[in-house]
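Chain residues, written in single-letter form:
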Amino acid sequence: ELFHTPRQNFEMAAKKGVIGVENIDRKKWDIEEYAARSRERLNKAISDVLEEKKKRLKQQAAPTRAFLKGRDKEVNFDEKMGKTQVLSTNAPPAQQAGFYCKVCDCTVKDSANYLDHINGKKHQRALGMSMRVEKSTADQVRARFEHHRRKREEEEETQAQAEARMSMNHEDWVQKEKDKRAAKKQRRKERDNAGRGDVENDEASALAAFGLPTGFGV
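A brief look at the structure comes next. (Residues numbered from 1 in each chain as written. Predicted model: local features only at pLDDT ≥ 70, side-chain atom pairs only at ≥ 80, totals over all residues. Heavy atoms only, no water.)

1. Description of the pattern of salt bridges
Now for step 1: For the structure shown, the criterion picks out six salt bridges.
Now for step 2: With a closest N to O distance of 3.4 Å, lysine 44 and aspartate 48 form a salt bridge. Here the residue lysine 44 and the residue aspartate 48 both occupy positions in helix H2 (residues 31-61), the gap between them amounting to four residues, near one helical turn.
Now for step 3: For glutamate 146, the salt bridge identified is with arginine 150, shortest N-O distance 3.8 Å. Residue glutamate 146 and its partner arginine 150 are located together in helix H5 (residues 138-209), separated by four residues, close to a single helical turn.
Now for step 4: A relative accessible area of 40% places arginine 150 in the partly exposed class.
Now for step 5: Within this structure, Glu146, Arg149, Arg150 and Glu153 form a network of salt bridges that share partners. (Salt bridge = Lys/Arg side-chain N within 4 Å of Asp/Glu carboxyl O. Helix = DSSP H or I, 4+ residues; strand = E, 2+ residues; numbered from the N terminus. Buried < 20%, exposed > 50% of the residue type's maximum accessible area, 1.4 Å probe, protein only.)

2. Overview of helix H3 (residues 111-118)
Now for step 1: All of the buried residues in H3 are Tyr114, His117 and Ile118. Projected down its long axis, H3 carries its buried residues within an arc of 85 degrees, all on one side.
Now for step 2: Looking at the buried positions of H3, the neighbouring elements they touch are strand E1 (99-101), strand E2 (106-108) and helix H4 (121-126).
Now for step 3: Its side-chain oxygen at 3.3 Å from the backbone nitrogen of alanine 112, aspartate 110 defines the N-terminal cap of H3. (Arc of directions from axis to C-beta. Contact = heavy atoms within 4.5 Å. Polar contact = N/O pair within 3.5 Å; in protein donor to acceptor, adjacent residues only side chain to side chain.)

3. Remarks on the packing of aromatic side chains
Now for step 1: Following the criterion strictly, the structure yields three aromatic pairs and no others.
Now for step 2: With a centroid separation of 5.5 Å and an interplanar angle of 90 degrees, the aromatic rings of phenylalanine 77 and phenylalanine 99 are classed as edge-to-face. With phenylalanine 77 in the loop between H2 and E1 and phenylalanine 99 in strand E1, this pair connects stretches of sequence that are 22 residues apart.
Now for step 3: On the basis of relative accessibility, which here comes to 30%, the residue phenylalanine 77 falls in the partly exposed class.
Now for step 4: A network of ring pairs unites the aromatic residues Phe77, Phe99 and Tyr114 as a single cluster.
Now for step 5: Between the NZ or CZ atom of arginine 37 and the centre of the ring of tyrosine 34, over which it lies, the distance is 5.0 Å. (Phe/Tyr/Trp six-rings, centres within 6.5 Å; stacked < 30°, edge-to-face > 60°. Lys NZ or Arg CZ within 6 Å of the ring centre and 35° of its normal.)

4. Focus on the layout of surface pockets
Now for step 1: Of the pockets and cavities examined, the largest pocket occupies roughly 870 Å³.
Now for step 2: Lys73, Val75, Tyr100, Tyr114 and Ile118 are, among the 28 residues lining the largest pocket, the residues nearest its centre.
Now for step 3: Those elements that provide at least two residues to the lining of the largest pocket are E1, H3 and H4.
Now for step 4: For the lining of the largest pocket, the element with the highest residue contribution is E1, accounting for three residues. (1 Å grid on protein atoms, 1.4 Å probe; cavity = no way out; pocket = protein on both sides within 12 Å on 5 of 7 lines; lining within 4 Å. Points joined across faces, edges and corners; volume = space filled by probe spheres on them.)

5. Quick word on a nonpolar patch on the surface
Now for step 1: A cluster of nonpolar side chains, contributed by Leu42, Ile46 and Leu50, occupies part of the molecular surface with about 280 Å² of accessible area.
Now for step 2: For leucine 50, the position within the fold is in helix H2. (Patch = residues over 30% accessible without salt bridge, like charges linked within 9 Å, V, L, I, M, F, W, Y side chains within 5 Å. Areas by Shrake-Rupley, 256 points an atom, 1.4 Å probe, with all protein chains shown as cover.)

6. A short note on the state of the cysteines
One covalent bond between the sulfur atoms of two cysteine residues makes up a disulfide.
Now for step 1: This structure, assessed with the given rule, holds zero disulfides.
Now for step 2: Here cysteine 101 stays free of any disulfide, with the sulfur of cysteine 104 as its closest cysteine sulfur at 4.0 Å.
Now for step 3: Exposure remark for cysteine 101: the relative accessible area of 2% places this residue in the buried category.
Now for step 4: No disulfide involves cysteine 106; its sulfur sits 4.9 Å from that of cysteine 101, the nearest cysteine. (Disulfide = S-S within 2.5 Å.)

The structure is reproduced here in structure tokens:
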């Protein structure tokens, strides 16, 4: 039979020794065992975190590549301006149109992509550098501030000297112009006096030729 009556079910349970809920034992948990397991998992998680932190600090302290540095020269985008170039499909990258990178042996078509390339990870790795920047110390920051302060003072001093030089040059120019006008006026005066003397001499000579007095005698 596939189905049993309640009576049959009760008789079968009596034969097995299970009648009601009084003979069903509750599961007992070992508190100390599970507390030990929990402590073991916690200690393992803490040790894993500490080990990962040690690895990360070790990698930062001793990088395999040099720190990222700034370029020491300016990128010249006007190098090929106004020049004529014969292009070929079979030409090497150095002879193709665009901006050629000697480090990576590739040609980039425009200036924006060329800047992205030389600032990118692939180009920096080819130069032997990583993308990490060296952390500056407090002394380096103070020295940098001092450098900018001295530079600003030098620029201000240079500007003040230039202004003083311009003012001095203007005063010298004004004085030279005055001297030129005075000298010109003096030459004109001397020329007028010389001309007046010549006229008087000519008149005296003409009067003497006619036997007339040339001056007012006493």
